Amino acid sequence: MLTIDVALLLTVIVVLRLRRRTEARSRKDEKLTVAIVLVLGVLLAPTAFGQGIADIVSQLVQGVSKAGL
């Protein structure tokens, strides 16, 4: 079983999204990038709220991986 840290995965997604050309982005695409960065910030924050969000996201990821998607 392969375990991937959710914060690391979001970091990779952010880096890949930010490497694209600025002119090719729509407003919706920019809003999605901002939302992903905010979630990453919450995951990395060493607070109880950040840990709660991390637990929710990890349970979601585990559920998706068990469903075979």
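Remember, predicted model here, so these are calculated numbers, not experimental data.

J.: An account of the side chain of arginine 17 is requested, with residue identities and associated values reported.
T.: Looking at the element boundaries, arginine 17 is found in helix H1 (residues 6–19). With near-sequence residues (within four places) excluded, arginine 17 lies in contact with Arg25, Asp29, Leu32, Thr33 and Ile36.

J.: How would you sum up the packing of H1 against helix H2 (residues 27–44)? Please name residues and give values.
T.: Remark: H1 packs on H2, axes separated minimally by 10 Å, with the N-to-C direction vectors making an angle of 150 degrees. When the axis of H1 is compared with that of H2, the two are roughly antiparallel. Handedness of the H1/H2 crossing: left-handed. Counting all contacts with H1, which are made through Val6, Ala7, Leu10, Thr11, Ile13, Val14, Arg17 and Leu18, the residues of H2 involved are Asp29, Leu32, Thr33, Ile36, Val37, Val39, Leu40, Leu43 and Leu44. Residue composition of the contact of H1 with H2, by class: 13 nonpolar, two polar and two charged.

Cut-off values and rules
- Residues numbered from 1 in each chain as written.
- Predicted model: local features only at pLDDT ≥ 70, side-chain atom pairs only at ≥ 80, totals over all residues.
- Heavy atoms only, no water.
- Helix = DSSP H or I, 4+ residues; strand = E, 2+ residues; numbered from the N terminus.
- Contact = heavy atoms within 4.5 Å.
- Axes fitted to C-alpha atoms, helices over the stretch in contact; angles between N-to-C directions.
- Parallel < 35°, antiparallel > 145°, perpendicular 65-115°, else oblique.
- Left-handed = near helix turned anticlockwise from the far one by under 90°.
- Nonpolar A, V, L, I, M, F, W, Y, C, P; charged D, E, K, R; others polar.

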